[in-house]
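This is what each chain is made of:
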Amino acid sequence: NCTDEAGVVLRAPTKEDGLVYFCRDSFYAHVTVTLWELEKKEHEWVRGRTIIDAATSDLCAVEVGGGPWWNPWSAVSNM
């Protein structure tokens, strides 16, 4: 979760107002990355061998606020 003090307010391009202070970014996020080879099995792609297994870092650039999400939020992504 972010607080009002988390991150730095940055300018971002907007359709109506041009370049304005619009988002809040931080370099203090937590990230875990796992990377697999993809193998084609008949008509679909499946995970192959693991190339990177759960590498972690506490230095990750993320957007922590700004329009249109003005309230604090937190998320997890699985791709």
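Use the structure listed above.
Predicted model, so just to flag it, every value in this text is computed and none were measured.

On to the sheet that holds strand β5 (residues 62–66). Reading across from one edge, β1-β2-β5 is the order of the three strands in this open sheet, with antiparallel pairing throughout. The open sheet has two edge strands, β1 (8–14) and β5, and neither has a second partner. In this sheet, adjacent strand axes meet at a mean angle of 50° when their direction is disregarded. As defined by bridge partners, β1 adjoins strand β2 (residues 18–26) across seven bridges and the pair is classed as antiparallel. Across the sheet, the residue bridging to V9 is R24, located in β2.

Our focus in this paragraph is the environment of V64. With respect to the helices, strands and loops of the structure, V64 is situated in strand β5. Here V64 falls in the buried class, since its relative accessible area comes to 12%.

Our next topic: the environment of V62. Checked against the element boundaries, V62 lands in strand β5. Classification of V62 as partly exposed rests on a relative accessible area of 27%. Separated by 31 residues in the primary sequence, V62 and V31 place their C-alpha atoms 9.9 Å from one another.

Trans peptide bonds make up most of the peptide bonds, and negative phi angles are found at most residues other than glycine. Positive phi outside glycine occurs at E42, with the angle close to 55°. Relative to the helices and strands, E42 resides in the loop between β3 (31–41) and β4 (44–57). The phi dihedral of A54 falls on the positive side, at around 60°, and the residue is not glycine.

Moving on: a nonpolar patch on the surface. On the surface, V33, L35, I51 and I52 cluster together into a nonpolar patch covering about 300 Å² of accessible area. Residue assignment for the nonpolar patch shows that the elements contributing at least two residues are β3 and β4. Positionally, V33 belongs in strand β3. The exposure class assigned to V33 is partly exposed, which follows from its relative accessible area of 38%.

Two elements, β3 and β4, share nine bridges in a ladder whose sense is antiparallel. Following the sheet pairing, V33 is matched in β4 by A55. The antiparallel pairing of β3 with β4 creates a hairpin that spans two residues between the two strands, and E42 there sits at a positive phi of about 55°.

Calculation criteria
Residue numbering note: each chain is counted from 1, following its sequence as written. Totals for whole chains, interfaces and linings use every residue, but because this is a predicted model, local features are given only for residues with pLDDT of at least 70 and side-chain atom pairs only at 80 or more, for both listing and counting. Only hydrogens and water are set aside when side-chain values are computed; all heavy atoms of the structure are taken into account. At least two DSSP bridges between two strands are required for those strands to pair. In DSSP terms, a helix is any run of H or I states spanning at least four residues, a strand is any run of E spanning at least two, and both are numbered starting from the N terminus. A fitted line through C-alpha atoms represents every axis, and for helices the fit uses only the stretch in contact; the resulting angles, taken between N-to-C directions, go from 0 to 180 degrees. Per-residue accessibility, obtained with a 1.4 Å probe over protein chains only, is compared with the maximum for each type, and a residue is labelled buried under 20%, exposed over 50%, and partly exposed between these values. Patch construction takes residues with relative accessible area above 30% that form no salt bridge. Like charges are linked within 9 Å, and nonpolar side chains (Val, Leu, Ile, Met, Phe, Trp, Tyr) are linked within 5 Å. Computed with the Shrake-Rupley method and a 1.4 Å probe, the accessible areas treat only the protein chains shown as cover for residues. Just to be clear on terms, a salt bridge is a Lys or Arg side-chain nitrogen sitting within 4 Å of an Asp or Glu carboxyl oxygen.

This is a description of form; function is not addressed.
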